[in-house]
Amino acid sequence: MSDITRLTEKITADAEKKYQLVLNDAQAEIEKQERLKRSQLEEQLADRLSQFEKEKRAEMYLQISDIHIQSRNKVLAAKQAVLDELFQEALSRLNQMEAGDFQAFVTKGLQEAQFTGEVELVLGEKSAHLLTEDALKEIQQAVPTCQLSLAQQVLPRKGGFLLRQGDIELNFTFDALLDASKEALSLTLLQLIFE
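Parameters at a glance
- Residues numbered from 1 in each chain as written.
- Predicted model: local features only at pLDDT ≥ 70, side-chain atom pairs only at ≥ 80, totals over all residues.
- Heavy atoms only, no water.
- Helix = DSSP H or I, 4+ residues; strand = E, 2+ residues; numbered from the N terminus.
- Rg over C-alpha atoms; globule rule 2.2 N^0.38 Å.
- Buried < 20%, exposed > 50% of the residue type's maximum accessible area, 1.4 Å probe, protein only.
- Areas by Shrake-Rupley, 256 points an atom, 1.4 Å probe, with all protein chains shown as cover.
- pLDDT = per-residue confidence, 0-100.
- Contact = heavy atoms within 4.5 Å.
- Pairing = 2+ DSSP bridges.
- Axes fitted to C-alpha atoms, helices over the stretch in contact; angles between N-to-C directions.
- Expected span 1.5 Å × (residues − 1).
- Core = buried A, V, L, I, M, F, W, Y, C linked by side-chain atoms within 4.5 Å.
- Salt bridge = Lys/Arg side-chain N within 4 Å of Asp/Glu carboxyl O.

Caption draft 1: Region of the structure containing the overall build of the chain. Helix and strand counts for the chain stand at four helices and four strands. For the chain, the N- to C-terminal ordering of α and β elements is α-α-β-α-β-β-β-α. Here the C-alpha radius of gyration of the chain, 47 Å, is well above what a compact globule of 195 residues would show, namely 16 Å. Taking the principal axes of its C-alpha atoms as reference, the chain extends roughly 155 × 35 × 25 Å. Counting across all 195 residues of the chain, residues that qualify as buried make up 21%. Surface accessibility of the chain: about 14,800 Å² in total, with carbon and sulfur atoms responsible for 55%.

Set out below in structure tokens:
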């Protein structure tokens, strides 16, 4: 019986060894799987953090860009407001021109136009009081190549004048003259003001 007991003990010991080997292999496999899973999760976490960081950085750059655009727009609006105020002041001063200066302005306009023959002078409402009969005669003498006639109607809410000859019309209203030179003057004025 002792042989059976020994045989039983040997089978039990062998089974215990096999059990320990299988258990050790299983634990090693579980640890290997855990390390692999942990490494995959860490990789995913790093990828997600990197993606999140990229998105936040892009969002931050967009916000900075928006702030820059808003501040630039405010500066441009302030500059435009200053320019508008300057042009409004210039228009106001032109509309307050003295009679002698206005007469010289009309004479120079007629000379630059180089009309010959009949020319109709249409005055702006704000300038009509500046030109007398005597002033009109002096203008006519200064530009003898044309026969100047004063139109009955005036240009409402305008200062300055128009010259008409047939289908040709030259606009010397103060609004039009300022608008025509606004672009060139704006740059010069901005440089003088803001530098």
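Read on, since the account is not over.
Caption draft 2: Broad picture of the confidence of the model for the chain. Summing up the model confidence of the chain, the mean pLDDT is 88 and the portion of residues at 70 or higher is 97%. The secondary structure element of the chain with the lowest average pLDDT is helix α4 (residues 174-194), at 78, and the one with the highest is strand β3 (residues 160-165), at 93.

Caption draft 3: Representation of the side chain of Gln103 in the model. Considering the arrangement of structural elements, one finds Gln103 in helix α2 (residues 99-113). Residues within four places of Gln103 in sequence aside, it is in contact with Leu131, Ala135, Glu138 and Ile139.

Caption draft 4: Looking closely at the pairing of β3. Burial analysis of β3 places five of its six residues in the buried class, which makes it a mostly covered element. For strand β1 (residues 117-123) and β3, the ladder comprises four bridges, and the chain directions are antiparallel. By the bridge assignment for β3, Leu121 is matched with Leu163. Here six bridges tie β3 to strand β4 (residues 168-173), and the two strands are oriented antiparallel to one another. When the sheet's bridge partners are listed, Arg164 is paired in β4 with Glu169. The loop that links β3 with its antiparallel partner β4 comprises two residues; one of these, Gly166, has a positive phi angle of about 60 degrees.

Caption draft 5: Structural detail: the sheet that holds β3. Ordered in space as β2-β1-β3-β4, the four strands form an open sheet in which the pairing is mixed. The sheet is open, and its two edges are formed by β2 (146-150) and β4, each paired on a single side. For this sheet the average axis-to-axis angle between neighbouring strands, irrespective of direction, equals 25 degrees. Against the sheet, α2 touches β1, β2, β3 and β4, its axis set at about 30 degrees to β3. Against the sheet, helix α3 (residues 133-142) touches β1 and β2, its axis set at about 160 degrees to β2.

Caption draft 6: Examining α2 more closely. With 15 residues, α2 extends 21 Å from end C-alpha to end C-alpha; this agrees with the ideal 21 Å at 1.5 Å per step. Phi for Gln114, located one or two positions after α2, is positive at around 55 degrees.

Caption draft 7: Region of interest: the nonpolar core. Counting 25 residues, the largest nonpolar core has Phe102, Leu110, Leu121, Leu131, Phe161 and Leu163 as the members making the most contacts within it. At the level of secondary structure, the elements contributing two or more residues to this core comprise α1 (2-95), α2, β1, α3, β2, β3 and α4. Per element, the largest residue contribution to this core is four residues, and it comes from α2. Not counting residues within four places of it along the chain, the set of residues in contact with Phe161 comprises Phe102, Phe105, Val106, Gly109, Leu121, Val122, Leu123, Gly124, Leu170, Asn171, Phe172 and Thr173.

Caption draft 8: The arrangement of the pattern of salt bridges in detail. Here the structure, examined in full by the defined rule, presents eight salt bridges. Residue Glu53 pairs with Arg57 through a salt bridge whose shortest N-O separation is 2.8 Å. Of the two residues, Glu53 and Arg57 both sit in helix α1, four residues apart, roughly one turn of that helix. The salt bridge involving Glu89 is made with Arg93; its shortest N-O contact spans 2.9 Å.

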